[in-house]
Amino acid sequence: MLNIFKIALRNLFRYKRRTILVGLLIALGVVAVQVFVATSGSYKTLIVSQITDAMLGHIQIHKKGYLVSIENVPMNLNLNQHGVDKIESILKAMPEIEAYSLRIRLGGMISNFTETTNLRLYGIDPVREFKTVPLLPKRIMSGTAELKPGQILVPQILARGLSLKVGDPVVIIATNKDGSVNGKQFTVGGIVESAPGPGGRDGYIGIADAAEILRMDEPEISEIAVHVKHFDQLQTVNTALTKQLSKEVNNKGKPMFEVHTWEKLAPFANIAKMIDLLTVFIKIMLIAIVLISVLDVMMMSVYERTREIGTLAAIGTLPGKIVAMFVIEGGLLGLFGAIAGNVLSFAGVLAIRASHYTFSFGMKEGFVLDPSMRMGDVFFVSAVVLLVSILGSLQPALKASRLEPIKALRSV
Amino acid sequence: MQIVVAENLSKTYQSGSVSVPALNNVSFAITSGSIVSFIGPSGSGKTTLLNLIGCLDRATSGRLEIAGTDTAKLDRKGGARFRGNTIGFIFQDFNMVPILTVYENVEYPLLMVRAAPAAERKKLVLELLDAVGMLDQKDKFPDQISGGQKQRAAIARALVTRPKIVLADEPTANLDHTTAHKVLSLLKKIRDDHGTTFIFSTHDPKIVDEAEVIYTLEDGALAGSREQKGVEHA
């Protein structure tokens, strides 16, 4: 086998210029894939972590049917204490879960005594909330993250519109599920950076204050946000959690709860899907580049070396060995291209990192793109290139092995 | 013992709707260890006959048995294996593999066809290269040596597996008189040492003079055969 490798390698460097050109073409395809995967991956990770770690959490649990009406903040679809207890007992038993936070969501009005506008509020326990969405404190632009009773974190957009600053008094007015309108005076404890998208008008108050405004006789919870220890385990945890919670049914035999990952809750999930789709297309293009290049160069090789193939066949080389010679030659070409491509990609990714390329998302600016190549991607792309190169050289190799020695020897 | 037996061997090439007969009902038998020449003018069917004996081509009709094997029953793989084990080829245009050195070209059949052990390969290759006077050129590539040297290397490659039959199409066509004489002496020595059968297709009187049996082909048919007096059989 080693000798077939040696022969294949020598044949490859017999036409140096052609081999280098095709190798570079394959390398270019690999660079396109690796740099795109690294940069888009960095962009996606950055944005997803902003969305999940600063707002949503990784997973949210609601009463069944809540998500469909989430924009209306349906008070009649809150979880009661019994339901919350059940969910908490399950969450506590799952070691993959880092933290969870109970939230009361409410829609209301905020007034600075001269102007009034609408907002959405999260009633939270700040300690648990900050463990569940650890980037939330970093979104607080002024004031503190303490969120003492009677304090409110006002979203940046509304603070600007109502000319609010830390320490200013405001009034929050909300309607509870019975339809009665209630109000309570708060002090602005901090200004929180507005989230991109529909969450831009979300503010925060203490969970007890939320219950007081809504005049809840018994504790109710709108949603439970969950933070998993390792993000790559998200789907596993989600599946396990869904399975456990689906056992909890109401008196009609229907599930009591619904579990959703951030992908169901944030519009950015569609952008992330598009990025994944683009990655697939770029990978398909790489496959096409490698396949066409290797197929072309190996067909040319068979054509140019027909007489030589005839000689090898005449002196007794078995068809399988002739196939192996050409397949290994094509495979080595792909391998060289993949190695060169990965080295160039690594250099490209380092260059992007060194350039400190920044971009903005929503209202937040200055995100620094921090791409990195994962070993998994390096091996996957290299394996794909190698496999496609072998496939691409298979047809010319089979053609070479099926040449009639007598006809091949007559070839000029 | 007869190593090649041909009975009513015919070969017709098809060119579109036109049939071109190359061999017509040729019958002969070649004794093992003999040196045989097929002579005749161009287009008489010499090369076609050599291709059939070399299992590179198939007869249209007739029977051809080589070393006890009916060649009609060999498939592509079986044919390759049979050639590798039984037949050595000396091509008119040398057909050296350009990416392999002289040593590697000679070693190739032992390595890739016979899968012989390294020590045995080295011994046989060096022995043959020495015999053809190419030992000092062993590390050169074919494009670095002359035509005569290529032919000698090609002879070494054909003989290295100790085949029962060596087929040579105009083996001395590209050699000067002295080299041709040396090559012929070498072939005879190998025949004497190993009982190898040599079958030539040639116009060269030097080879014809050395052959023990001479078959004359004309228009694809066997026009005659003679045994040469004064030439010793093995």
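This is a predicted model, so every value here is computed, not measured.

Let's talk about the overall build of chain B
Link 1 in the chain: Along the backbone of chain B there are seven helices and 10 strands.
Link 2 in the chain: The C-alpha atoms of chain B give 17 Å as radius of gyration, which agrees with the globular expectation for 234 residues (17 Å, within 12%).
Link 3 in the chain: Along the first, second and third principal axes, the C-alpha set of chain B runs to 50 × 40 × 35 Å.
Link 4 in the chain: Per-residue burial for chain B yields a buried fraction of 46% across its 234 residues.

As for the overall build of chain A
Link 1 in the chain: Looking only at helices and strands, chain A has 13 helices and 14 strands in total.
Link 2 in the chain: Expected size for 412 residues packed as a compact globule is a radius of gyration near 22 Å; at 31 Å, chain A overshoots this value by more than 25%.
Link 3 in the chain: On the principal axes, the C-alpha backbone points of chain A span a range of 100 × 50 × 30 Å.
Link 4 in the chain: For chain A, buried positions account for 41% of its 412 residues.
Link 5 in the chain: Considering only intrachain contacts with a sequence separation of at least 6, the fraction spanning at least 24 residues in chain A is 80%.

Description of helix H10 (residues 306-314) of chain A
Link 1 in the chain: Counting buried residues along H10 of chain A, seven of its nine residues qualify, which places the element largely inside the surrounding structure.
Link 2 in the chain: Among all positions of H10 of chain A, only Glu308, Ile309, Gly310, Thr311, Leu312, Ala313 and Ala314 of chain A are buried.
Link 3 in the chain: Summarising the contacts, the buried residues of H10 of chain A are in contact with helix H11 (319-355), helix H12 (375-401) and helix H13 (405-410) of chain A together with helix H2 (76-86) and strand S6 (87-90) of chain B.
Link 4 in the chain: Residue Gly316 of chain A follows H10 of chain A closely and has a positive phi angle near 105 degrees.

Structural notes on the confidence of the model for chain A
Link 1 in the chain: Overall, the predicted model of chain A reaches an average pLDDT of 90, with 97% of residues at or above 70.
Link 2 in the chain: Between the elements of chain A, mean pLDDT differs from a low of 73, seen in strand S14 (residues 364-368) of chain A, to a high of 95, seen in strand S11 (residues 223-228) of chain A.

Comments concerning the sheet that holds strand S4 (residues 61-66) of chain B
Link 1 in the chain: In space, the four strands of this open sheet follow the order S2-S1-S4-S5 (chain B), with antiparallel pairing throughout. Strands at the two margins of the open sheet, each flanked by one partner only, are strand S2 (18-31) and strand S5 (69-70) of chain B.

A short note on the environment of Leu23 of chain B
Residues and elements named next belong to chain B.
Link 1 in the chain: Looking at the secondary structure, you find Leu23 in strand S2.
Link 2 in the chain: We classify Leu23 as buried; it has 25 C-beta atoms within 10 Å.
Link 3 in the chain: Taking C-alpha positions, Leu23 is 5.8 Å from Gly45, a pair spaced 22 residues apart along the chain.
Link 4 in the chain: Those residues in contact with Leu23 that lie beyond four places of it in its chain are Leu9, Ser10, Lys11, Gly45, Thr48, Leu49 and Gly220.

A closer look at the interface of chain A and chain B
Link 1 in the chain: Across the contact, 17 residues belong to chain A and 17 residues belong to chain B.
Link 2 in the chain: Only helix H1 (2-12), H10, H11 and H13 of chain A provide two or more residues apiece to the side of chain A that touches chain B.
Link 3 in the chain: Looking at the side of chain A that touches chain B residue by residue, the classes come out as eight nonpolar, five polar and four charged.

With respect to the confidence of the model for chain B
For residues with low pLDDT, the predicted coordinates do not support detailed interpretation.
Link 1 in the chain: Mean pLDDT over chain B: 88, with 97% of residues reaching 70 or higher.
Link 2 in the chain: Interface predicted TM-score (ipTM) for the complex: 0.89; the corresponding pTM is 0.77.

Describing the packing of helix H2 (residues 16-56) of chain A against helix H9 (residues 268-304) of chain A
Residue and element names in this part refer to chain A.
Link 1 in the chain: Contact pair H2 / H9: the axes reach a minimum separation of 10 Å and the direction vectors enclose 170 degrees. Regarding the angle of H2 to H9, the classification is roughly antiparallel.
Link 2 in the chain: The residue makeup of the contact of H2 with H9, split by class, is 20 nonpolar, four polar and three charged.

So, the environment of Ile7 of chain A
Link 1 in the chain: Its location among the elements puts Ile7 of chain A in helix H1.
Link 2 in the chain: C-alpha of Ile7 of chain A to C-alpha of Met325 of chain A: the two residues are 318 residues apart in sequence and 7.2 Å apart in space.
Link 3 in the chain: For Ile7 of chain A, the residues in contact, after removing those within four places along its chain, are Met325 of chain A together with Ile99 of chain B.

Re the sheet that holds strand S3 (residues 35-39) of chain B
All names here are of chain B.
Link 1 in the chain: Across the sheet, which stays open at both edges, the six strands sit in the order S6-S7-S8-S3-S9-S10 with mixed pairing between neighbours. The open sheet has two edge strands, S6 and strand S10 (221-227), and neither has a second partner. Adjacent strand axes in the sheet meet at a mean angle of 20 degrees, parallel and antiparallel pairs treated alike.
Link 2 in the chain: By the bridge criterion, four bridges tie S6 to strand S7 (residues 165-169) in an arrangement that is parallel. Pairing of Gly88 across the sheet is with Val166, part of S7.

As for the domain arrangement of chain A
Link 1 in the chain: What the domain assignment lists for chain A is domain 1 (2-50 + 270-410) and domain 2 (65-255).
Link 2 in the chain: For domain 1 of chain A versus domain 2 of chain A, the separation of C-alpha centres amounts to 50 Å.

Overview of helix H7 (residues 234-245) of chain A
In an α-helix, one turn spans 3.6 residues; hence positions three or four apart end up facing the same way.
Residues and elements named next belong to chain A.
Link 1 in the chain: Between its terminal C-alpha atoms H7 stretches 16 Å, which fits the 16 Å expected from 12 residues at 1.5 Å a residue.
Link 2 in the chain: Within the span of H7, buried status applies to Val237, Asn238, Leu241 and Leu245. In a view along the axis of H7, the buried residues occupy a sector of 100 degrees, so they form one face of it. In H7, those exposed residues whose orientation departs by more than 90 degrees from the buried face are Gln235, Thr236, Thr239 and Lys243.
Link 3 in the chain: On the buried face of H7, the contacting elements are strand S1 (59-63), helix H3 (81-92), strand S3 (97-111), S11 and strand S12 (257-261).

Quick notes on the nonpolar core
Link 1 in the chain: Core analysis: the largest hydrophobic core is formed by 111 residues, its most contacted members being Val30 of chain A together with Val36, Val106, Leu128 and Ala156 of chain B.
Link 2 in the chain: Counting residues per element, this core draws most heavily on H11 of chain A, which supplies 11 residues.
Link 3 in the chain: Each residue touching Val30 of chain A, except ones within four places of it in the same chain, is listed here: Leu286, Gly337, Ala338, Gly341, Asn342, Ser345, Val381 and Val385 of chain A.

A few points about unusual backbone geometry
All names here are of chain B.
Link 1 in the chain: Residue Asn8 is not a glycine yet carries a positive backbone phi of 50 degrees.
Link 2 in the chain: Asn8 gets classed as partly exposed once you count the C-beta atoms within 10 Å, which come to 13.
Link 3 in the chain: Its identity as a non-glycine residue notwithstanding, Arg162 has a phi of 50 degrees, on the positive side.
Link 4 in the chain: Structurally, the position occupied by Arg162 is in the loop between helix H5 (147-159) and S7.
Link 5 in the chain: The exposure class assigned to Arg162 is partly exposed, which follows from the 15 C-beta atoms found within 10 Å.

Concerning the pairing of S1 of chain A
Residue and element names in this part refer to chain A.
Link 1 in the chain: The buried fraction of S1 amounts to five of the five residues, a majority that puts the element mostly inside the structure.
Link 2 in the chain: Pairing between S1 and S12: five bridges, direction antiparallel. Bridge pairing in S12 places Lys63 opposite Phe257.

Examining the packing of helix H3 (residues 102-113) of chain B against helix H4 (residues 118-131) of chain B
Residues and elements named next belong to chain B.
Link 1 in the chain: As a packed pair, H3 and H4 sit with axes 10 Å apart at the nearest point and diverge in direction by 135 degrees. When the interaxial angle is binned, H3 and H4 end up oblique. Crossing handedness for the pair H3 and H4: right-handed. Contacts from Tyr103, Val106, Glu107, Leu110 and Leu111 of H3 reach H4 at Arg121, Leu124, Val125, Leu128 and Leu129.
Link 2 in the chain: When its residues are assigned to classes, the contact of H3 with H4 shows eight nonpolar, no polar and two charged.

Cut-off values and rules
- Residues numbered from 1 in each chain as written.
- Chains lettered and ligands numbered in written order.
- Predicted model: local features only at pLDDT ≥ 70, side-chain atom pairs only at ≥ 80, totals over all residues.
- Helix = DSSP H or I, 4+ residues; strand = E, 2+ residues; numbered from the N terminus.
- Rg over C-alpha atoms; globule rule 2.2 N^0.38 Å.
- Buried ≥ 20, exposed ≤ 12 C-beta atoms within 10 Å, placed from the backbone.
- Contact = placed C-beta atoms within 7 Å.
- pLDDT = per-residue confidence, 0-100.
- Pairing = 2+ DSSP bridges.
- Nonpolar A, V, L, I, M, F, W, Y, C, P; charged D, E, K, R; others polar.
- Axes fitted to C-alpha atoms, helices over the stretch in contact; angles between N-to-C directions.
- Parallel < 35°, antiparallel > 145°, perpendicular 65-115°, else oblique.
- Domains from an automatic or database assignment.
- Expected span 1.5 Å × (residues − 1).
- Arc of directions from axis to C-beta.
- Core = buried A, V, L, I, M, F, W, Y, C linked by C-beta atoms within 7 Å.
- Left-handed = near helix turned anticlockwise from the far one by under 90°.

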